[in-house]
4 protein chains.
Amino acid sequence: MVPRYSRPEMAAIWSPEARYRIWFEIEALAAEAMGQLGTIPAEDAAIIRQKGEPRAAGISAADLERIDAIERETRHDVIAFLTWMAEGIGDSARFMHQGLTSSDVLDTCLSVQMARAADLLLEDMDRLLAVLQRRAEEHKYTPTIGRSHGIHAEPTTFGLKLAGHYAEFTRNRARLVAAREEIATCAISGAVGTFAAVDPRVEAFVAEKLGLKVEPVSTQVIPRDRHAAFFCALAVVASGIERLATEVRHLQRSEVREAEEYFHPGQKGSSAMPHKRNPVLSENLTGIARLVRGYAVPALENVALWHERDISHSSVERVIGPDATIALDFALSRLTGMMDKLTIYPARMEANLESLGGVVHSQKVLLALTQAGLSREGAYRAVQRAAMATWSNLGSPDGKSFRDNLLADEEVAGQLDAAALDSAIDPQRDFRHVDTIFARVFGKG
Amino acid sequence: MVPRYSRPEMAAIWSPEARYRIWFEIEALAAEAMGQLGTIPAEDAAIIRQKGEPRAAGISAADLERIDAIERETRHDVIAFLTWMAEGIGDSARFMHQGLTSSDVLDTCLSVQMARAADLLLEDMDRLLAVLQRRAEEHKYTPTIGRSHGIHAEPTTFGLKLAGHYAEFTRNRARLVAAREEIATCAISGAVGTFAAVDPRVEAFVAEKLGLKVEPVSTQVIPRDRHAAFFCALAVVASGIERLATEVRHLQRSEVREAEEYFHPGQKGSSAMPHKRNPVLSENLTGIARLVRGYAVPALENVALWHERDISHSSVERVIGPDATIALDFALSRLTGMMDKLTIYPARMEANLESLGGVVHSQKVLLALTQAGLSREGAYRAVQRAAMATWSNLGSPDGKSFRDNLLADEEVAGQLDAAALDSAIDPQRDFRHVDTIFARVFGKG
Amino acid sequence: MVPRYSRPEMAAIWSPEARYRIWFEIEALAAEAMGQLGTIPAEDAAIIRQKGEPRAAGISAADLERIDAIERETRHDVIAFLTWMAEGIGDSARFMHQGLTSSDVLDTCLSVQMARAADLLLEDMDRLLAVLQRRAEEHKYTPTIGRSHGIHAEPTTFGLKLAGHYAEFTRNRARLVAAREEIATCAISGAVGTFAAVDPRVEAFVAEKLGLKVEPVSTQVIPRDRHAAFFCALAVVASGIERLATEVRHLQRSEVREAEEYFHPGQKGSSAMPHKRNPVLSENLTGIARLVRGYAVPALENVALWHERDISHSSVERVIGPDATIALDFALSRLTGMMDKLTIYPARMEANLESLGGVVHSQKVLLALTQAGLSREGAYRAVQRAAMATWSNLGSPDGKSFRDNLLADEEVAGQLDAAALDSAIDPQRDFRHVDTIFARVFGKG
Amino acid sequence: MVPRYSRPEMAAIWSPEARYRIWFEIEALAAEAMGQLGTIPAEDAAIIRQKGEPRAAGISAADLERIDAIERETRHDVIAFLTWMAEGIGDSARFMHQGLTSSDVLDTCLSVQMARAADLLLEDMDRLLAVLQRRAEEHKYTPTIGRSHGIHAEPTTFGLKLAGHYAEFTRNRARLVAAREEIATCAISGAVGTFAAVDPRVEAFVAEKLGLKVEPVSTQVIPRDRHAAFFCALAVVASGIERLATEVRHLQRSEVREAEEYFHPGQKGSSAMPHKRNPVLSENLTGIARLVRGYAVPALENVALWHERDISHSSVERVIGPDATIALDFALSRLTGMMDKLTIYPARMEANLESLGGVVHSQKVLLALTQAGLSREGAYRAVQRAAMATWSNLGSPDGKSFRDNLLADEEVAGQLDAAALDSAIDPQRDFRHVDTIFARVFGKG
C-alpha cells in the first residue's frame, strides 16, 4: 500500500523483519516440540532457540540483503531463510525444519500476521464505535429530515442516523471477530498434509504457543476458503465505511450544509477557488472502500487451488494481505477522526426540515383521515393533492403551507378540523420511540 | 436464472405468487397486532385475515395480470398489491398497511425468502456432506499421489483428499448458517425507521410469528450490509464447489484417469468424436461458481445507499436474489450427484503413484540422511542429485529407480545401507496418521 | 433476465427458437459449401436446405420439448438438435455436420447473437445521443452552478453538463462498435481447430454469408478474450449510464430541485407518504449498472480455458449473454425516455447559483488580484478570508455578500476598486467558451 | 506494488520525482502559452521555465520532504508543490497556474503517466510476440494431442497451440493501443471545465507539446470512463497471460511432462522434497492475473463521479495506477522469459498422443462411415462402441487397439476394409492445413 494510506503499526506487521521473526518462532517452537518428543536432540533444539532468537530479533538491512542473495540462487524463499539462519546457528541448524514443508512455515506465519492485523482492526473499530456512540448521544434528539431517494420523507434525529451506523459497525465488528477466528489456524503437517514426517503433536504444540487453533486437515497449505472469507469480511466493513462517508458527503453539499468535515487552519480547499471547503476525507474513504472491495475478487479466485495446492495464491496474498488490511486500518482511523471532529449544524437541519412547507407530515395526515373514515385510496388522493399544491408553489408569494392547503380542501376539512389536524402533525409524535431504538442499539434505556 | 440451472423448489421461493403470499402474511400479522393494540378495530383485522388469506392463497395468473395493470398506472408495486387486495377484502382493507411503509413489507418479505433459500441450501449441503463422508470412508486408505504445483509430491489417500473437501464444506455450512442468521430480520418501523406511525410492538409481533428477529435500527430499509454478507457467503461456498470440481477435472484428464464422472448409457460426449467422455459436470460447476462469485460484486456496492435509503439496491436484488440462490442450489445438488456416482480407479492411482521411479519418497530419505549426520544442505544436494537422475531417465532402458540411484551415490551410501534406506521409504509411514486426521474431521477415532 | 427488465426485441435474440434457427442456418450453409466442394452430394445439401428451413422456421413448443427429450438421453444439446432435424429431413441429414464439431455451431451462433445484440444496443445508443443533443442545445446557455465535491464551484450551463455526457456516450458508442467487431467472427474448424475434417473454404463461405469474419486460429472454440472484451465494454457503458443517473438523482434532491423525472398522472411515490416524488428511474438505472458491471467479472475468468478448450465458459455465457445485453438494452432505453421527459427548473438553478452570496466567483477575484500585483499566496489568503466571512454568515441578518466583504477588505481594496471588482466577476466571462466546447462535441460552431 | 513484482523502468514512471517533473512541465508549458497570448508577461513565463526546469529536474529527497511538510499544512498536494516551486522561482511564480485548477495538472499528468506506462507495456508485448512466433515456428509440425475438457481429442501441433496464443496477444496488443489512445488526453479547462479563466488555446498548446489530444469536454476532471476502459483492457491482457500460464502448468504436470519451465542450476523446488521441479513461474503469473483483473472493479466504480467531479477516484488511482501497470509489466516480462526458455519434450508429446490406443482418430472413422452410407446415428454408435472397448482395456493384456476393435466390429467391417480404414485415420490428414493457419496468423504462406 502506498505510504499515504499506511499507518506504521499495521505496516510493521507485514515488514520482512516481522515475517522472518515469525518464521523463526515457528521453526524454533517446532524444534522444541521435536526435542521433547525425542525426534531431534533436545540440546540442539535449545541451541536453535538460543542462537537463533537474537539473530532473528536483530535482523538488519544487511541480513535482508543476504537472504535475498541466497534466494536469487535457490529461487526459494524459505530455503534462503533457513540457510541464513544456519550461518548463525551452526551445526544444530540441520535439525531445523525437520519433516516440515515450507508452507507449514509460510501459512502459519500468514495466520499470525492476519490475526494480528485483525486485532488492530478490532481496536480501530472500538475507537470508531466509541466516537459514534458519543456523537449519537450528543444528537439523540437533534431533529433532522429523514430522506428516502434523496427526497424529504419524515423527521428523524441526527442521533438516530448515527445509531444506525453504530449498529452496522457492531455487526462489522462481529464479522471481523469471525474472520479472525477463521484464519487463526496452524498447520505443521508436512508435504501433503499427512504428517508423514512430522508428528501431529508438533503442530499442536506450535499452535498452542502461537495462540492458534490446529487446522483439522491441511494439504501442505491451509485451505484458502478461510482467507477468502477474511477478505470478504473486510470488503463488507469497507462498504459500511462508504455508507457513512456517503452520508457525510451528502450532508456537506452546498445546498444541504447540515454537517461539515473539520477544516484545519491553513487548509486550502482548491488551488483555484479560495472559497472551497470540500468533504475530501469522506470522498477519500469512498475510494478506499472501492479498493478494499476489489481485493475480495482475487481472494475468492484463490480458493480453487489445484490438487493438494498450487502456488497461484501466493502472489495475490503478497499484495492484498498487506494492501487490504493497511488500507482498512487507515480508513477506519480516518473515519474515526472525521466523525470525532465533524461539525454539525442543527440550525441548518431545522431549516431544511421546514423548507418544504410541511409536506413531510403527509403520512400522519393520511392516517388520521383513514382513521376518520376515508378509504385509503381517497385519503391518499386528498393528501397528495394538498402536498403537490404546496410543493409546486414553494417560495412563490401566493404559495400556501401544507397545513393551509389541507384545511382549504373540502374532502379533508370534512373529516378533520384545524385542531385535529394540528394534533395529527405534532412533530413530537415522530420522536416517541427514539429512546426505544437507542436502548436496542446501545443497550440501555 | 435460466431454467437449465433452476430446481423447482428453490425457484418457487422467488415466484410472484410466493412473494404476494408473504406480503399478505406480513400485512395480516401487522393488522392483527394493531387490532390487539387497539390501533385499528380488531374485527377489521379479523376480516383482513379471513377474506385476504384465501385470496392470497389462490392467487391466479389473472390476478397477477390485474396487479401488473394497477402497477402500470400507479408505478408502485406495493400499492398495486394493496389495491388488488382491497378489491377482495372490501372496506376493512383501509386498515391494512396503517403506518407501514412499502419497505416494511418488501424487506421483511425478502428476509423470509432469503431465509427459506438458506434453509434449502443447508439441506443441499447436508446431502453433500453425507456423500462426501461416505466416499471418504470408502477410500480412507486408497493410496494416491499427493500433488503440489501439479507435480507429484508424496503419497496420500483418496479418502484424505475427500476429508479435506468435507472439512471445507462443514465450514461453508457454518458460513451459510451465519449468513442466514444475518438476514433473518424483520423491520416494521415506518417511513424513516422512527416508528412515528406504527408501534414497535407490531414489529415484534410480526417478527416472532415469522420466525425472524427484530431489526434493531432500520431506516425504512433493513441495512444492506446484511445482504452483502449473505451474498459473500454464497460466493465463498461457490468457490469451494469449484475447488472440488477442479479436482475431479484434473483426475479425469486422459493422462491421469484416476476418477471419472458417471457416463450415462446413451450419453454422447462429443458430436464429432465418439470416443469422448468429458468431465462436463465439473466444468459446468466451475462456470456456475464464477457466476455466483460475480453476484457478490453488486451486492457489496448495494451497501452504501443514500441517507435513509435509495432504491438502487432493488434492481440488483430482483436479479441476484433468485439467481445466486437458484444457481447455488443447482450446483450443490449437481455436485452431490456427481460425487455420489463418481467412478474411482484405485489401480490407476497406484500406477500413477509409482510412475516416477520412487522419487516421491525423497523427503523421507532427506530426513534419514540428516538424522544420520549429514548437514541439511548436503543431504538435500545428494537426494536432489539422485532424484534428477531418476526423473531424467524415466522410461529409458538404462534408467534406474530412485532407490538404486541413491544406493549408487557414495555420499548417501556412506550414511545409509539398503536396509536403512528401505526402512526410511516404507510407504506405510505415509499413512500412520490418517486415522488421526479422520478423527479430527469426522469426529471419531 | 427478469421480465421486468427485458424488452422483447432483445429477449427474442436469446430465445431457444432464435438459437435453433441460427444453428440450422450454420449447418445448412456448411452443407451448401461442402456440396459445392464435392465433399458431400450437392443434392443432399439442397434437400437439407429445402426441408430443414421450414422446419427451423416453424419450430414449435412441442418441437422444443422433443429436442429437450433427446437431450435428456444424449446429454448433448447439439446432437439433440441434429437428431430432431434428421427426423424431418430424412436420409440426407447424415450429411449435416460433416467434419464439424458442436462448438463450430455453438460459437458461431453466439457470435451472431452477440452481434445482433450489439446492433440493437447501437440503435439504443443513437436514440439516446439524439435526445441528449436536443436537451443540451435547449439548455446551452441555461446557467447552473458547477459543483466539485458536491460544493458549489463556478457557474456552468446545463447544456454543458449534458454535452459532457453526450461526449461520453459517443465514446461508449465507439466502444460498442469495437466490441461488436471483436466478437463477430466465425469458426468452422473442427475438433481442435486444425480443419482435419473440414475444408477452410467451408468456414470462409459460412462466415461471408453470415456477415462475420473468419477466426484466424480457433481451438474448437473461438477464443474467449473476445467475449471478455465485449462484456467489459458493456460494463463501461453501464458505468456511463450510472454517471448520468447519479447526476439526475442529485439534481432532484429536495434541497436542490433543479430537475425532476417526469411524474405520471396516477403515479404514487410512496405507499406511506403521499407527498413523495422520487427519482426512481435513475436509482433503478444505478442498480442495473451494478449488475452489468458484475457480469464482466466471470467473463474475464472465462478466458483461461484449459488446453484447446474446456466448457466452463458455457454456463457463464448462457446466463450473462442474455442478462448483460438485455439489462443494458433496457437501461439505455429507460435512460433515453427519462432524459427525453426530464423536467428542468432553470429558476431553481438560478436560485441555487446565487445562494452562497457570490463566493462562487472567488477564482476570478484571485486572478484579478494576482494580475494587479499581489503574490499568489497573499491573494489566496485575502479571497479565502472574504469567502469564509460570507459563507459563515449566510442567511444571518448581518451577513454581507462576497462582493461587499471583498470591498471591505483593506488588502483587496488596495488593489481593486468596485468597478474593477465588478468587471472581474462579471458572470458573462464564465460562458465565453460554451460555443467552442459545443463545436468540439457536436461538430459545429 | 511490492518490490518483488516491480521492474525499475515502470516503477520510475510512478515515482514522486517523475510526477513532480510532469507537473512542472505542464505548468511551464501553460505559462509559455499564456505568455504568447499576453495573458501573463512573456518574460515571467521565461523565468518560470528557466528557474523551474533545473529545480524540477534536480528534485531531491529533501525537496520531497519539504513539499510534504507544506502539504501537511495546506492539505492540498498541488498547492504544496506550487509553493515549493515559488520558493525557487521567486516573484514570477505568481503567474504560474493562472486560471488553472489542480485537476488540470493532476489529470493531464496522469494521462502522461498512463501513456508512458502503455508504451512500456507495448514494448513488453512486442518482445513476447517475437518469442511466441519463434517458438511457434520451431514447433510448427511437432505433433501433440489436442485436448478438449482435458480429454484427448484429436492431434494438433505444438506450433498451432502457440499460434493461438500469439493471435490472442496480437489482439491484446491492439487493445493496449486503443487503451493508450483512450487516456492520452489533456485538459486545461479550469474549475468546472468552462475555460472561464483560461483560454482554450493554452490547452491546445500544452496538449500538442505533450503529445496528447485535447479533451473535448472536461468538467474539472478528464472523464473516468477513459480510465475504466484502460484498466479493463489491462484485465483482458492479464487473462490472456493466465491462459498461456495455465497451458504450461498443465503441460508440466507429472503425468503429462510435455514441457517444463527452465530449472536453474542451484534452484530448489521444495524445502522438503528434493525431487521437485515446479511450474512456479506460470503459477505466479496466474496469481498476478487475478490481481490485475481485480483492479478493474474499482476502476469501473470510479466512473460515476458526482456532478462535475468528486475526488473518490483519486485514492483508487493512486494505488491501482502504479499497481496494475507495474504488475502487468512484470508479468509480461516474466512470461516472455518463461516462454523463451521453456523446455519442450516432443517425445513425451508423441507418447501421450499414442497412449489411448488410437481412439483419438474416432471422428475420421465416423466421417468415413457416413460417407460410406451409414446414418450419422448408426455410425456414431459403432465408433463409440469400438472406442469404449479400447479405452476400457487400455494397458490390459487382452486390450486391443482402436483400429483392431473397429475391424472386429461387423457393422464397421461391412463398410470399411482395413485399407480404407487406414486411409481414413492417416495422421497426415490432421496437419494439412497448418500452413494455412500459420499464414493467417503470421501473415505468410
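See the structure shown above.
Only a predicted model underlies this, so the values are computations on that prediction, with no experimental measurement involved.

Enquirer: Where do I start with the nonpolar core in this structure?
Expert: Phe169 and Met339 of chain A, Met339 of chain B, Met339 of chain C together with Met339 of chain D are the most contacted members of the largest nonpolar core, which has 457 residues in total. Discounting chain neighbours no more than four positions away, the residues touching Met339 of chain A are Val131, Leu132, Arg135, Leu162, Leu244 and Val248 of chain A.

Enquirer: Quick question: what am I supposed to make of the packing of aromatic side chains here?
Expert: One pair of aromatic rings is described through two measures. These are the centre distance and the angle between the planes. Summed over all chains, the structure comprises 34 aromatic pairs over all chains. Measuring from centroid to centroid gives 4.5 Å for Tyr166 of chain A and Phe442 of chain A, while their planes differ by 55 degrees, and the two rings are tilted. Of this pair, Tyr166 of chain A sits in helix H7 (residues 158-183) while Phe442 of chain A sits in helix H18 (residues 434-442), and the two are 276 residues apart along the sequence. In this pair, the class of Tyr166 of chain A matches that of Phe442 of chain A, namely buried. Ring geometry for Trp306 of chain A against Trp306 of chain C: centres 5.6 Å apart, planes inclined by 55 degrees, an arrangement best described as tilted. Note that Trp306 of chain A is positioned in the loop between helix H10 (280-301) and helix H11 (312-341) and Trp306 of chain C in the loop between helix H10 (280-301) and helix H11 (312-341), a pairing that runs across two chains.

Enquirer: I keep staring at the packing of H10 of chain A against H11 of chain A and nothing clicks. Help me out?
Expert: Relative orientation and spacing of two packed helices are given, respectively, by the angle between their axes and the distance between those axes. Residues and elements named next belong to chain A. Here H10 crosses H11 at 155 degrees, and the two axes come no closer than 9 Å. When the interaxial angle is binned, H10 and H11 end up roughly antiparallel. Classified by chirality, the crossing of H11 by H10 is left-handed. Here Leu281, Ser282, Asn284, Leu285, Ile288, Val292, Tyr295, Pro298 and Ala299 of H10 lie close against H11, whose contacting residues are Val316, Ile320, Asp323, Ala324, Ala327, Leu328, Phe330, Ala331, Arg334, Leu335 and Met338. Among the residues forming the contact of H10 with H11, the class breakdown is 16 nonpolar, two polar and two charged.

Enquirer: Would you take a moment to explain the relation of the copies chain D and chain B for this structure?
Expert: Copy one and copy two of the chain differ by a rotation about an axis and a translation along that axis. It takes a turn of 180 degrees to lay chain D on chain B, together with a shift of 0.0 Å along the axis; the resulting RMSD is 0.1 Å. Expressed as an axis order, the relation between the two copies is that of a two-fold axis. Across chain D, the rotation axis passes nearest the C-alpha of Glu255 of chain D, at a separation of 2.9 Å. Both copies share a contact surface, since 100% of the interface residues of chain D are interface residues in chain B too.

Enquirer: Teacher, can you tell me more about the interface of chain D and chain B here?
Expert: The extent of an interface is frequently quoted as the accessible surface area lost upon association of the parts. With 50 residues of chain D at the interface, the matching set in chain B holds 50 residues. The contact between chain D and chain B buries some 4,500 Å² in all, and 54% of this surface belongs to carbon and sulfur atoms. The partner of Arg147 of chain B in a salt bridge is Glu255 of chain D, with the nearest N and O atoms 2.7 Å apart. Taken together, chain D and chain B are joined by 25 residue pairs in polar contact (both at pLDDT 80 or more). Looking at the side of chain D that touches chain B, the elements with two or more residues in it are strand E1 (143-148), strand E2 (151-157), helix H9 (225-252), helix H10 (280-301), helix H13 (362-372) and helix H14 (376-392) of chain D. The leading source of residues in the side of chain D that touches chain B is H14 of chain D, at seven residues. Of the residues assigned to the side of chain D that touches chain B, the class counts are 21 nonpolar, 17 polar and 12 charged.

Enquirer: I keep staring at the environment of Pro143 of chain A and nothing clicks. Help me out?
Expert: Residues and elements named next belong to chain A. On the secondary structure map, Pro143 appears in strand E1 (residues 143-148). Using a relative accessible area of 23% as the deciding quantity, one classes Pro143 as partly exposed. Counting along the chain gives 12 residues from Pro143 to Pro155, while the straight-line C-alpha distance between them is 6.7 Å. Residues contacting Pro143, with those up to four places away along its chain left out, are Thr156, Thr157, Met349, Glu350, Leu353 and Phe431.

What counts and what doesn't
Residues numbered from 1 in each chain as written. Chains lettered and ligands numbered in written order. Predicted model: local features only at pLDDT ≥ 70, side-chain atom pairs only at ≥ 80, totals over all residues. Heavy atoms only, no water. Core = buried A, V, L, I, M, F, W, Y, C linked by side-chain atoms within 4.5 Å. Buried < 20%, exposed > 50% of the residue type's maximum accessible area, 1.4 Å probe, protein only. Contact = heavy atoms within 4.5 Å. Phe/Tyr/Trp six-rings, centres within 6.5 Å; stacked < 30°, edge-to-face > 60°. Helix = DSSP H or I, 4+ residues; strand = E, 2+ residues; numbered from the N terminus. Axes fitted to C-alpha atoms, helices over the stretch in contact; angles between N-to-C directions. Parallel < 35°, antiparallel > 145°, perpendicular 65-115°, else oblique. Left-handed = near helix turned anticlockwise from the far one by under 90°. Nonpolar A, V, L, I, M, F, W, Y, C, P; charged D, E, K, R; others polar. Least-squares fit on C-alpha atoms with pLDDT ≥ 70 in both. Buried area = accessible area lost by both parts, 1.4 Å probe. Salt bridge = Lys/Arg side-chain N within 4 Å of Asp/Glu carboxyl O. Polar contact = N/O pair within 3.5 Å; in protein donor to acceptor, adjacent residues only side chain to side chain.

Distances and angles like these do not, on their own, reveal function.
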